[in-house]
Amino acid sequence: MNASAPRRVEHQQTDKGYVPVYTTAVVEQPWSSYSRTDHETWATLFERQREVLKGRACREFIENQQRFGMTPDAIPRFDELNAVLAKATGWELVGVEGLLPELTFFDHLANRRFPVTWWIRKPEQIDYIAEPDLFHDLFGHVPLLLNPVFADYMQAYGRGGVKAHGIGAQALVNLTRLYWYTVEFGLIRQDGALRIYGSGIVSSKGESIHCLESAAPNRIGFDLARIMRTRYRIDTYQKTYFVIDSFDQLIDATRPDFTPLYAELAAQESVPAGDVLASDRVFQRGSGEGWAQDGDV
Ligand code: PHE
Ligand code: FE
C-alpha cells in the first residue's frame, strides 16, 4: 500500500460492527506506482527469506522459485511471472486488493487463476502482518504453482471449494482447515528430514525457524479427516504442523468425493489446535511451551 495508489476499502455496518468490504474485482498491477520504499521492502524480505529457507524449504519450492528469476532488485511484474507460468502449468496470476469472498476465491482457483494482493506491507510490518500482502502471495504461494502436482492440487481445491460452498457452512469450515494445514502451514518429509512447503511459513522468518526447530509444536503425519477436524491459530505460530511424504500423497488423499466425509465430520467434535490423538502418527510431540490457552479458530 502506498500514497500514490491507495487501497479503497469500504466498510459496511453489520451486527458485528463495521467490517471491511474488499472489492472483488481483478485489478491491473499498478507497477509504476510502487514507491522506492515498496521496492526496498521487497528487497529486504526477499533476501532475508532466501537465506532463511536454505536447508529449510523443500526442494520444489527453492527450485521453482529460482525458475521465475525473481530478484531483490524490484517487485516482480505479474506479466513476466505469468509468461513463465503459462508455459509450465497454465496458471495465471491476477491482481486483487486483498482477501476475497470464499466463492470468488474458489472460482479463481478452479480456473487456475491465483489471486495476488498487489500492495506490499509497510516497513514497520516487515516481521508480521495479519493479512496477506504481495510478499506473502508472490514469494509464498506462487513458486509451487510451477510444480505440476501441486498446481493440480490447487485447482482441485478450488473445485472442491465451490462444491463445499453448496453443501454448507460446516463443510467450508472443514475444507478451510485443510487449506490451512497444507497450502499455508504444511511440512513435507524429504531425505529423512522435515522441510517447509506452506506459504504462511515460507513468508515468515520467525515461523520458518519455529516450525522446524522449536520444541513447542506438534509435528504429526498427514491425515485428511484428522486435519479437517482440527482448529488452528491465526494470531500465533501453529501449535501443530502436519507432515506429508510427497505432493502425490496430498493429491491422492484428496481425490475422493468429500461429500460422505463432510457428513461424517458433521457428527464429530472439533480437535483443539494443540491436541495429540492416540491415532496420530507423531513425529514430535510438542512441549507446548509458550502456547496461548485460548483463541483457537
Ligand atoms: N475431492 C474433493 C471433493 O470432492 C475436492 C478437493 C480436492 C478438495 C483437493 C480439496 C483438495 O470435495
Ligand atoms: Fe496465503
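Remember, it's a predicted structure, so these values are computed and weren't measured experimentally.

Calculation notes
- Residues numbered from 1 in each chain as written.
- Chains lettered and ligands numbered in written order.
- Predicted model: local features only at pLDDT ≥ 70, side-chain atom pairs only at ≥ 80, totals over all residues.
- Heavy atoms only, no water.
- Donors = N, O, S within 2.8 Å, 3.2 Å for Na, K, Ca; no water.
- Helix = DSSP H or I, 4+ residues; strand = E, 2+ residues; numbered from the N terminus.
- Buried < 20%, exposed > 50% of the residue type's maximum accessible area, 1.4 Å probe, protein only.
- Pairing = 2+ DSSP bridges.
- Axes fitted to C-alpha atoms, helices over the stretch in contact; angles between N-to-C directions.
- Contact = heavy atoms within 4.5 Å.
- Phe/Tyr/Trp six-rings, centres within 6.5 Å; stacked < 30°, edge-to-face > 60°.
- Near = heavy atom within 4 Å.
- Polar contact = N/O pair within 3.5 Å; in protein donor to acceptor, adjacent residues only side chain to side chain.
- Areas by Shrake-Rupley, 256 points an atom, 1.4 Å probe, with all protein chains shown as cover.
- pLDDT = per-residue confidence, 0-100.
- Salt bridge = Lys/Arg side-chain N within 4 Å of Asp/Glu carboxyl O.
- Parallel < 35°, antiparallel > 145°, perpendicular 65-115°, else oblique.
- Left-handed = near helix turned anticlockwise from the far one by under 90°.

Trainee: Mind showing me how you'd approach the coordination of the iron ion (ligand 2) here?
Mentor: The expected angle between donors at a tetrahedral four-coordinate metal is 109.5 degrees. At an octahedral six-coordinate metal it is 90 or 180 degrees. Every protein donor of the iron ion (ligand 2) is listed here as His136 (NE2), His141 (NE2) and Glu184 (OE), and their distances to the metal cover 2.0 to 2.1 Å. Counting the intervening residues between successive donors of the iron ion (ligand 2) yields the motif H-x4-H-x42-E. In this pair, His136 is assigned in helix 5 (residues 134-141) and Glu184 in helix 7 (residues 169-184), connecting sequence segments 48 residues apart. The residues His136 and Glu184 share a single accessibility class, namely buried.

Trainee: I'm lost on the sheet that holds strand 9 (residues 282-284) in this one. Help?
Mentor: Two modes of strand pairing occur in sheets, parallel and antiparallel, and in both the strands are linked by backbone hydrogen bonds. Taken together, the 5 strands give an open sheet; going across it, the order is 6-5-8-7-9, and neighbouring strands pair in mixed fashion. The open sheet terminates on both sides in strands that have one partner only, identified here as strand 6 (193-196) and strand 9. Here the average twist between neighbouring strands, direction ignored, is 35°. The strands that helix 9 (residues 205-213) touches are strand 5 (187-190), strand 6, strand 7 (218-221) and strand 8 (240-244); relative to strand 6, the one it contacts most, it runs at about 160°.

Trainee: I tried to follow the packing of aromatic side chains on my own but got confused; where do I start?
Mentor: The way to describe two aromatic rings as a pair is by their centre distance and the angle between their planes. Using the criterion set out here, one finds 19 aromatic pairs in the structure. Between Phe150 and Tyr153, the ring centres sit 5.9 Å apart and the planes meet at 50°, which makes this aromatic pair tilted. A residue pair is termed a helical-turn pair when its members lie 3 or 4 positions apart in one helix, as Phe150 and Tyr153 do in helix 6 (residues 148-167) at 3 residues. Just as Phe150 is buried, Tyr153 falls in that class too.

Trainee: Got a minute to help me understand the site of ligand 1 in this structure?
Mentor: Contacts to ligand 1 come from Tyr153, Ala156, Tyr157, Gly160, Lys163, Leu175, Leu178, Thr254, Arg255, Pro256, Asp257 and Phe258. Within the side chain of Lys163, an N or O atom sits 2.5 Å from an oxygen atom of ligand 1. Between ligand 1 and Phe258, the relevant distance is 3.0 Å, taken from an oxygen atom to a main-chain nitrogen or oxygen of the residue. Coverage of ligand 1 by the protein chains reaches 93% of its 320 Å² of free accessible surface.

Trainee: Help me understand the confidence of the model for the protein chain in this model?
Mentor: If pLDDT is low for a region, its predicted coordinates should not be looked at in detail. Chain-level statistics for the protein chain give a pLDDT mean of 93 and a share of 94% at 70 or above. When the criterion is pLDDT under 50, residues 1-7 qualifies, and its contacts beyond four places in sequence or with other chains add up to 18 contacts.

Trainee: Looking at this structure, I do not really get the pattern of salt bridges. What am I missing?
Mentor: Close approach of charged atoms allows side chains with opposite charge to pair. One pass over the structure, following the stated rule, counts 17 salt bridges. Notably, a salt bridge pairs Arg56 with Glu213, separated by 2.8 Å at the nearest N-O pair. One end of the pair, Arg56, is in the loop between helix 1 (36-52) and helix 2 (59-68); the other, Glu213, is in helix 9, and 157 residues separate them in sequence. Assessed through its relative accessible area of 18%, Arg56 is described here as buried. Here Arg189 ties to Asp245 by a salt bridge, and the two come within 3.4 Å at their closest N and O atoms. Residue Arg189 is found in strand 5, and its partner Asp245 is found in the loop between strand 8 and helix 11 (247-253); the two are separated by 56 residues along the sequence. Given a relative accessible area of 31%, Arg189 falls into the partly exposed group.

Trainee: Which parts of the structure should I look at to understand the packing of helix 6 against helix 7?
Mentor: How two helices pack is summed up by the angle between their axes together with the distance between the axes. Across the interface, helix 6 lies against helix 7 with an axial gap of 9 Å and an inter-helix angle of 160°. One way to sum up the angle between helix 6 and helix 7 is to call them roughly antiparallel. Considering the relative orientation of helix 6 and helix 7, their crossing is left-handed. Where helix 6 approaches helix 7, its residues Phe150, Tyr153, Met154, Tyr157, Gly160, Gly161, Ala164, His165 and Ile167 are matched on the opposing element by Ala171, Leu172, Leu175, Thr176, Leu178, Tyr179, Thr182 and Val183.

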